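Read off the chains here:
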Amino acid sequence: MKKTTTIPIGPQHPALIEPEYLKVSVDGETIVDVDIQLGYIHRGIERLMQDRNYVQNIFVAERMCGICSGAHTVTYSMAVENLIGDVEVPLRAKYIRTIILELERLHSHLLWAGVAGYEIGIDTVFMSAWKDREYVMDLLEQISGNRVNYGMSTIGGVRRDVSSEIITKIEKVMDVVSKRADYYADVFLNDKVIVARTEGIGKLDRADAEKFSAVGPTLRACGFDYDIRKEGYAAYGDVEWEPVVAKNGDVQAKAIVRLGEVKVSASIIRQCVSKMPKGDIRVKVAPNVSENEAVARIEAPRGELFYYARSNGSDKPERVRIRTPTYSNILTLKPTLIGQQLADLPIIVAAIDPCFACTDRVALVDVNKGDEKVVDGSYFRKIDRG
Amino acid sequence: MDEIDFEGLGKVVKKSKDGSATFIEVDAPDLRRVLTKLRLSGVKRLMTITGVDNGREIEVIYHFDANYHIVNVKIRIGREDSKVESITTIFSGAKLFERELAEMLDVRIEGNREPQNVFLCEGSPRAPLRKKDDVEMKEKGND
């Protein structure tokens, strides 16, 4: 007689940004197998881009993700600049791109710290981290006019300048955020409850991280010193910084890497605003791009974001291929979940920062009897918090 | 990681201006041999697989990360009865990318044990990234 029970989790959840479906097989409380199904929010953006011109596509790329919208526009712009070949992006524009990318990483990692706190049942961390995130969101709003889709990067530079008044504000906020990052790192390393819920939980082996093409903080939490920013795109080649690496590969390591990166980002932004040269912020480019192919990648908050673009001589791309970081990290979920407790599933899944966290409504299926019952989120939170 | 001998892998089509990417073209039957060689030379991470329908043939491009360098290996296959060999035994990370290539461009992956769709659900347009005849597109109301 089979001992396992299959629990379908997802795909629909009113609080989820991205619906996904996890079919989890458990033996008692222990996860023995997991099947991940994607595609519930597939919008056909790659196809859509073939019917829009290069400038319109900046705004399509921006809408790939509600959190890393800036990362998408910068990578798309870089891919098209590589296609054209002889575009010299002004230095000031490169610095502004770097500032936007790092502000985005700051708010994304602080958002993650809050979500992690929520998933392990400590709402104080959630509220506190999201409050601190607001300082960064306010800055982004002052720079770009928007909290989410900044509309900053364009082909050949950026669309808006950063004024000297805002630079003063940026410096102040960086001081606050650095201190708070230290505080949260201390909490994740020393708070007994958080340590009990994160240390040794959802461990990803070094070998599996490599085998399943992990990227970003998920990869660096397994001891790999690999950060695409070291390629020196935008202004990263002009500033001093080192990638944050942890060894254990568990949820705690992933938290430590992200919180460490908050401090690194704050330092990069400080250096950028002090070194930023005066000058133009964009160069004009012709609407048509002759036949070519090019690639571009950057380190988005969740890891490497990759674009491949192909032109055919017209003002519309022949093909744009986008590989987001979560798409690369999703295969690592299976080895991290197997052998873990069901109640740890939300935080383990959230630890790769996939934009989706828990679930409001699950159907429990007893495979032996074929019984099925639907429960709501309160049930899941109850077992999650023990 | 050792220096990669790109010339020994296939025809080097071009290098990017800043030297961060190399584009190589190989014959489709040589794909697995070339990728095994690439794997043995220390390249461990497949970044993604791109399929392009250029109207005459299907181009399949395998993008690899070679220690801050992007290696793009391209093969060309026919538009009729399109098929490529699976590379999951060489690069495990190819699992989802191959399934996506299959559903988006109607390319058969020989040897991928999980042939089901990743993104498209039942009733979705078949092979949406294939170039379609304009008349056919209008009839289906796809455009």
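Criteria and thresholds
- Residues numbered from 1 in each chain as written.
- Chains lettered and ligands numbered in written order.
- Predicted model: local features only at pLDDT ≥ 70, side-chain atom pairs only at ≥ 80, totals over all residues.
- Contact = placed C-beta atoms within 7 Å.
- Helix = DSSP H or I, 4+ residues; strand = E, 2+ residues; numbered from the N terminus.
- Pairing = 2+ DSSP bridges.
- Axes fitted to C-alpha atoms, helices over the stretch in contact; angles between N-to-C directions.
- Core = buried A, V, L, I, M, F, W, Y, C linked by C-beta atoms within 7 Å.
- Buried ≥ 20, exposed ≤ 12 C-beta atoms within 10 Å, placed from the backbone.
- Domains from an automatic or database assignment.
- pLDDT = per-residue confidence, 0-100.
- Expected span 1.5 Å × (residues − 1).
- Parallel < 35°, antiparallel > 145°, perpendicular 65-115°, else oblique.
- Left-handed = near helix turned anticlockwise from the far one by under 90°.
- Nonpolar A, V, L, I, M, F, W, Y, C, P; charged D, E, K, R; others polar.

Attention now goes to the interface of chain A and chain B. Residue-level contacts link 24 residues of chain A with 28 residues of chain B. Where the side of chain A that touches chain B is concerned, the elements lending two or more residues are helix 1 (45-49), helix 8 (206-211), strand 6 (292-300), strand 7 (303-311) and strand 8 (317-323) of chain A.

Residue and element names in this part refer to chain B. Strand order in this open sheet of five strands is 1-2-5-4-3, and the pairing throughout is mixed. The open sheet terminates on both sides in strands that have one partner only, identified here as strand 1 (11-15) and strand 3 (45-53). Ignoring which end each strand starts from, the neighbouring axes of this sheet average 25° apart. Against the sheet, helix 2 (residues 31-40) engages strand 4 (58-65) and strand 5 (70-77), with an angle of about 170° to strand 5. Contacts from helix 3 (residues 94-105) reach strand 3 and strand 4, with the element oriented near 5° to strand 3.

With 142 residues, the main nonpolar core has Ala79, Ile96 and Tyr307 of chain A together with Leu101 of chain B as its most contacted residues. Each of domain 1 (5-40 + 330-384) and domain 2 (45-197 + 270-327) of chain A accounts for three or more of the residues forming this core. Excluding residues that lie within four positions of it along the chain, Tyr307 of chain A makes contacts with Thr75, Tyr76, Ala79, Val295, Ala296, Val320, Arg321 and Ile322 of chain A.

Take the sheet that holds strand 6 of chain A next. Residues and elements named next belong to chain A. Here we have three strands laid out as an open sheet, ordered 6-7-8, and antiparallel in their pairing. Taken across any chain shown, the strands that pair with only one partner, and hence form the sheet edges, are strand 6 and strand 8. Adjacent strand axes in the sheet meet at a mean angle of 15° when their direction is disregarded. Here strand 7 runs beside strand 8; their pairing, made up of six bridges, is antiparallel. Bridge assignment links Tyr308 to a residue of strand 8, and that residue is Arg321.

This brings us to the confidence of the model for chain B. Averaged over every residue, the pLDDT of chain B is 85; residues scoring 70 or more account for 91%. Scored as a whole, the predicted complex attains pTM 0.89, and scored at its interfaces, ipTM 0.91.

Taking 1.5 Å of rise per residue, the 29 residues of helix 4 (residues 91-119) of chain A would be expected to cover 42 Å, and the 42 Å separating its terminal C-alpha atoms lies within 8% of that figure. Of all 29 residues making up helix 4 of chain A, 28 are buried, and the element is well covered by its neighbours.

Here we come to the packing of helix 4 of chain A against helix 5 (residues 123-144) of chain A. Packed helices, taken two at a time, are described by the angle between their axes plus the distance between the axes. All names here are of chain A. Across the interface, helix 4 lies against helix 5 with an axial gap of 7 Å and an inter-helix angle of 165°. By the criterion of interaxial angle, the relationship of helix 4 to helix 5 is roughly antiparallel. For the element pair helix 4 and helix 5, the recorded crossing hand is left-handed. Residues Leu103, Leu106, His107, Leu110, Leu111, Ala113, Gly114, Gly117 and Tyr118 of helix 4 touch helix 5, and the partners they reach there are Asp123, Val125, Phe126, Ala129, Trp130, Asp132, Arg133, Val136, Met137, Leu139 and Leu140. For the contact of helix 4 with helix 5, the residue count by class is 14 nonpolar, three polar and three charged.

Here we take up the packing of helix 2 (residues 54-62) of chain A against helix 3 (residues 69-84) of chain A. Residue and element names in this part refer to chain A. Close contact between helix 2 and helix 3 brings their axes to 7 Å; oriented N to C, the two are set at 150°. By the angle class used here, helix 2 and helix 3 are roughly antiparallel. Crossing of helix 2 over helix 3 shows right-handed handedness. Contacts between helix 2 and helix 3 involve Tyr54, Asn57, Ile58, Ala61 and Glu62 from the former and Ser69, His72, Thr73, Tyr76, Ser77 and Val80 from the latter. When grouped by side-chain class, the residues that make up the contact of helix 2 with helix 3 number five nonpolar, five polar and one charged.

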